[in-house]
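Observations on the three-dimensional arrangement
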Amino acid sequence: MRLAIAAAFLFAFTAHAVDAGPALRGYTPEHSATETSWEHKYQALPESDHIRENMRRLSARPHHVGSPYDKDNAEWLLAQLKSFGLDAQIEQFTTLFPTPKSRLVELEGPEPFKAKLQEPPVPGDPTSDQQSEQLPTYNAYSRDGDVTAPLVYVNYGRTEDYEVLERMGISVKGAIVIARYGMSWRGIKPKVAAEHGAVGCLIYSDPRDDGYYAGDVYPKGPMRPEDGAQRGSVMDMPLYPGDPQTPGMGAVPGVKLIPLDQVQTITKIPVLPISYADATPLLKSLGGETVPEAWRGALPFTYHVGPSAAKVHLALAFNWDRKPLYDVIVRIPGAKYPDEWMIRGNHHDAWVNGAEDPISGTSAELEEARSLGQLLQQGWKPERTIIYCFWDGEEPALLGSTEWGEAHADELRAHAVAYFNTDSNDRGYFYAAGSHSLENFVNNVTKDIQDPETKMPVWKRAKLVQISQAPSQERGEIRSRADLRIPALGSGSDFTVFLDHLGIASLDFGYGGEDEAGQYHSIYDDFAWYTKFEDTNFAYGRALAQTAGTMVMRMADADLLPFQFSDLADTVHLYLTQLKTLAQQKRDEAKERDREVAEGVYKALYDPKKTMVPPPEEAIPPYLNFAPLEQASDDLTEAAKAFDKAYAAADGAAPAGLNPELIRSERLLTTAQGLPGRPWFQHLLYAPGLYTGYDVKTIPGVREAIEQKQWTLADQQIGIVSAALEHEAELLRQATRTLPATPAE
Ligand SMILES: [Zn+2]
């Protein structure tokens, strides 16, 4: 019966596809035809109106971790998924989630000021007045503290900003720093401030970045109003994300907790986010020199570095409670390969109402699940097991996905094929980032999805937009390379445990780029705001459901898993070139600096009206031995080329045992000992930077050792990465031997 239905679809939907183009990669020609017909059937199912109603329901009230509506949403998601005919359940964990007990920021001295620390409701926005349920503006995992000190402005609060301050003779030792949001992940700001001796940290939203300088503010436009503040986590997640008290283990009943005072990922100093209305009197109180041009924001007065004559008083206390998490998990058993798991996820918790972050993605994922439920009722049976996840606790620290990944680590390492993540979604262009063994796969799938606005394939639109935005020297490659490059993943959403801890090939993707937004992590990220300024007709919510569902199906049904390794090898080669350039730059910079000191450049620049401290002299970095990496990169390139050729010739015919070997390919890029100083992070090609937060460092063990001038460590790490790449090449050579022999060139 099922076969007959499948055959009918084949005839009705894709008779043209059979003669028109080559088979889907990893499929036999016959299977390719039936798969294509099922995919087309699937793509007709998601409806924009459903996604809108999902968003209305899920964002109707504040639903952060531990709130009544967070649990209510999880139970509603569960009931919806069951009503789609799916096997769904809630998996519960309990994790540390601090919430504010008291918050105080005041300026002492002749013109005292007390910060309001409150986002007001907006007339005409019906959910902005749910004040009793809203989490106050704060940074989660700031430590408690009560400090009074002069204030210093530190621009974005990055390491390089402190170098500028040092040249100006300004120390933040014993001071409270005020940094603006942007350019680095927020958690890096208090971390670097504490390393430089600051005792407190304020982070404010400058109107230059997401306020009136960028566009009209809410409710006239989508940008941040003067009292809007950005909540967010400041946990030191580059060390490890998830429950701070159970690193590497699922936070299930009975697990041993690290005592709070021994947790490494809570900040060393108190930190609080504030609005630009609250920041204005504080910034105006700053004395000292005028800031460098690049440090100026858009407030209507001159910015000074400080310190302030009047002191600032910052006092914060939190409830250090453990709160329940509700992950909603769906399992669709695979008909042919039940032990190979395709995992898909998006979080459902938010800082407040979270219409964009994350409900724009959650609503589409739910519609995706409904559509797959329909397809199952029509007779589709996925060959692999599909697991749909609706994560709780992403916002504080990727809690729900990390605890689930840690609790199921052994089975996931054994069975997981890939993890596909989405989060906020908007109107515009398709983007993806992730594992380069999946670069070809995501290119292929997005050639088959239509863009709602231009009606061209979303892949083609993304390519043309990249050409328009690229510097001239990069356009040639975008035009000529078969696959669009995808960036590597750092952190900042729920893929982290899968990719960085477990070594599961992962992608993160979505749509965006056409609408401005300045509501991030505020009470204004709600249904009224989203439906006025963003994907107002939910056409891109539908496109996301079509894209993600098709990707899940194509991976779950493939005869031969559609990993491709030439793109991976090409990317590794690119990273190697970057590392060599970086090492050379460090040498050139050190030589130039020492030469300028010797020439007297800093004496010549001396201005008696300003403070200027010359940089310290430093040893010239040694040459590193990149030969093992060069060899491994070449070996991987050769092995990948041979494998991809044999794979193409196999026409989707899968030799026994080959798919499990391909699943192992991403695991081989990890090391059980982890990266230097952070054993939780085990991927050797990708990690969030220790001093960038969300932003990725590629080949992080080597790159960060060079950046931090640890030359012996850099040499050791070159050895570890080279050995992993050689193992990867060997896996590919063995895999190639199991495929039918191809004629020699
Ligand atoms: Zn999110």
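Let us look at the structure shown here. (Residues numbered from 1 in each chain as written. Predicted model: local features only at pLDDT ≥ 70, side-chain atom pairs only at ≥ 80, totals over all residues. Heavy atoms only, no water.)

Before going further, it helps to examine the overall build of the protein chain. Helix and strand content of the protein chain: 24 helices and 19 strands. Against the compact-globule benchmark of 27 Å for 745 residues, the protein chain has a radius of gyration of 27 Å, which places it among compact chains. With the C-alpha coordinates aligned to their principal axes, the bounding extent of the protein chain is approximately 85 × 60 × 55 Å. When the 745 residues of the protein chain are sorted by exposure, 59% land in the buried category. Put simply, 80% of the contacts in the protein chain that link residues at least 6 apart link residues at least 24 apart. Summed over all atoms, the accessible surface of the protein chain reaches about 28100 Å², with 53% contributed by carbon and sulfur. Each charge class in the protein chain can be summarised by its mean position, and for the 71 positive and 104 negative side chains these summaries are 2 Å apart. (Helix = DSSP H or I, 4+ residues; strand = E, 2+ residues; numbered from the N terminus. Rg over C-alpha atoms; globule rule 2.2 N^0.38 Å. Buried < 20%, exposed > 50% of the residue type's maximum accessible area, 1.4 Å probe, protein only. Contact = heavy atoms within 4.5 Å. Areas by Shrake-Rupley, 256 points an atom, 1.4 Å probe, with all protein chains shown as cover. Lys, Arg positive; Asp, Glu negative; His and termini not counted. Charge placed at Lys NZ, Arg CZ, Asp CG, Glu CD.)

The next point concerns the packing of aromatic side chains. Within this structure, the stated rule accounts for 26 aromatic pairs. Ring geometry for F301 and Y303: centres 5.6 Å apart, planes at 20°, overall stacked. Taken together, a centroid distance of 5.5 Å and an interplanar angle of 75° make the contact between F565 and F643 edge-to-face. Of this pair, F565 sits in the loop between α18 (539-557) and α19 (566-599) while F643 sits in helix α21 (residues 627-649), and the two are 78 residues apart along the sequence. Seen from the ring of Y691, K191 lies directly overhead, with NZ or CZ sitting 4.9 Å from the centre. The lysine or arginine in question, K447, covers the ring of W459, its NZ or CZ lying 4.5 Å from the ring centre. (Phe/Tyr/Trp six-rings, centres within 6.5 Å; stacked < 30°, edge-to-face > 60°. Lys NZ or Arg CZ within 6 Å of the ring centre and 35° of its normal.)

With that out of the way, let us pick up the pairing of strand β16 (residues 428-434). Among the 7 residues in β16, 5 count as buried, and that is most of the element. Inspection of the sheet shows β16 paired to strand β17 (residues 506-513) by 7 bridges, in the antiparallel sense. Each residue of the ladder has a partner; that of A432, found in β17, is F509. (Pairing = 2+ DSSP bridges.)

Further remarks concern the coordination of the zinc ion. Looking at the zinc ion, one finds its protein donor set to be H347 (NE2), D357 (OD), D423 (OD) and D423 (OD), positioned 2.0 to 2.6 Å from the metal centre. Around the zinc ion sit 4 donor atoms; with metal-centred angles ranging over 53 to 144°, the donor geometry is irregular. Mapped onto the sequence, the donors of the zinc ion take the spacing H-x9-D-x65-D. One end of the pair, D357, is in helix α9 (residues 355-377); the other, D423, is in the loop between β15 (416-421) and β16, with 66 residues separating them in the sequence. Of the residues examined, D357 reaches a relative accessible area of 6% and is grouped as buried. (Donors = N, O, S within 2.8 Å, 3.2 Å for Na, K, Ca; no water. Tetrahedral: all angles 85-135°; square planar, octahedral: opposite > 155°, others 65-115°.)

Here we come to helix α8 (residues 276-284). Those residues of α8 lying buried are Y276, D278, A279, T280, L282 and L283. For α8, the N-terminal cap is S275; the gap from its side-chain oxygen to the backbone nitrogen of A277 is 3.4 Å. (Polar contact = N/O pair within 3.5 Å; in protein donor to acceptor, adjacent residues only side chain to side chain.)

All right, on to unusual backbone geometry then. Here the amide bond leading from Y218 into P219 is cis, since omega sits at 10°, within 30 degrees of zero. Among the secondary structure elements, P219 is positioned in the loop between α7 (207-210) and β9 (232-233). Cis peptide bonds are those with omega within 30 degrees of zero, and the linkage from D357 to P358 qualifies with 10°. Take P358: it is sitting in helix α9. Of note, the phi angle at Y141 is positive, near 75°, even though the residue is not glycine. Note that Y141 resides in the loop between β4 (139-140) and β5 (145-149). Residue Y141 is classed as buried on the basis of its relative accessible area, which comes to 1%.

On to the sheet that holds strand β1 (residues 87-96), then. Pairing in this open sheet of 7 strands is mixed, and the strands run β1-β12-β14-β13-β15-β17-β16 from one edge to the other. Strands with a single pairing partner mark the edges of an open sheet, and in this sheet they are β1 and β16. Averaged over neighbouring strand pairs, the angle between their axes works out to 20° when direction is ignored. Pairing between strand β13 (residues 337-347) and β15: 5 bridges, direction parallel. The partner of G345 across the bridge, within β15, is N421. Across the sheet, helix α4 (residues 68-83) is in contact with β1, β12 (322-332) and β14 (384-391); its angle to β12 comes to roughly 10°. (Axes fitted to C-alpha atoms, helices over the stretch in contact; angles between N-to-C directions.)

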